[in-house]
Amino acid sequence: IEGNWQTEDGKAVVRFAQCGQAMCGRIVRLLTPQPPEGAHDVNNPEPDRRKRGLLGLRVFWALVPSGERYEGEGYSPSKGRYFDAQVWRDGSRVRV
């Protein structure tokens, strides 16, 4: 899964890369118009994190191989929720 992948909703590009012993994913590009001050993590359940920018935000971490998939943790900025993640390659796409 290493590399840059467009999100399923087409709003961003996430770069998956090695982070120590596991894989991580960070938002490296936003594909929708953004406010002049940039997009922020406004839906985060933790109020002190709502002002952090989305560009560069780690949205997957601790992803380790499990068969043909990677399992770890994820965060959805649009929903403001953390989740147990499964990530796998499906042809020319990465699925979550």
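Refer to the structure printed above.
As a starting point, this report considers the structure included with it. All values reported here derive from a predicted model rather than from experimental measurement.

Notes on the side chain of Asp-41
On the secondary structure map, Asp-41 appears in the loop between strand 3 (22–30) and strand 4 (58–66). Exposure remark for Asp-41: the relative accessible area of 0% places this residue in the buried category. For Asp-41, the side chain forms a polar contact with the side chain of Asn-44, separated by 2.8 Å. Excluding residues that lie within four positions of it along the chain, Asp-41 makes contacts with Arg-49, Arg-50, Arg-52, Leu-54, Leu-57, Tyr-75 and Pro-77.

Observations regarding the pairing of strand 6 (residues 81–90)
Relative to strand 6, strand 5 (residues 69–76) runs antiparallel, the two sharing seven bridges. Residue pairing across strands places Gly-72 opposite Ala-85, the latter belonging to strand 6. Between strand 5 and the antiparallel strand that follows it, strand 6, lie four residues; Gly-80 among them carries a positive phi value of about 65 degrees. Relative to strand 7 (residues 93–95), strand 6 is paired through three bridges, and the arrangement is antiparallel. Paired with Trp-88 across the strands is Arg-95, a residue of strand 7. Remark: two residues form the turn of the hairpin made by strand 6 and strand 7, two consecutive strands paired antiparallel; Gly-91 in that turn has positive phi of roughly 65 degrees.

About the cut-offs
- Residues numbered from 1 in each chain as written.
- Predicted model: local features only at pLDDT ≥ 70, side-chain atom pairs only at ≥ 80, totals over all residues.
- Heavy atoms only, no water.
- Helix = DSSP H or I, 4+ residues; strand = E, 2+ residues; numbered from the N terminus.
- Buried < 20%, exposed > 50% of the residue type's maximum accessible area, 1.4 Å probe, protein only.
- Polar contact = N/O pair within 3.5 Å; in protein donor to acceptor, adjacent residues only side chain to side chain.
- Contact = heavy atoms within 4.5 Å.
- Pairing = 2+ DSSP bridges.

Geometric values such as these leave the question of function open.
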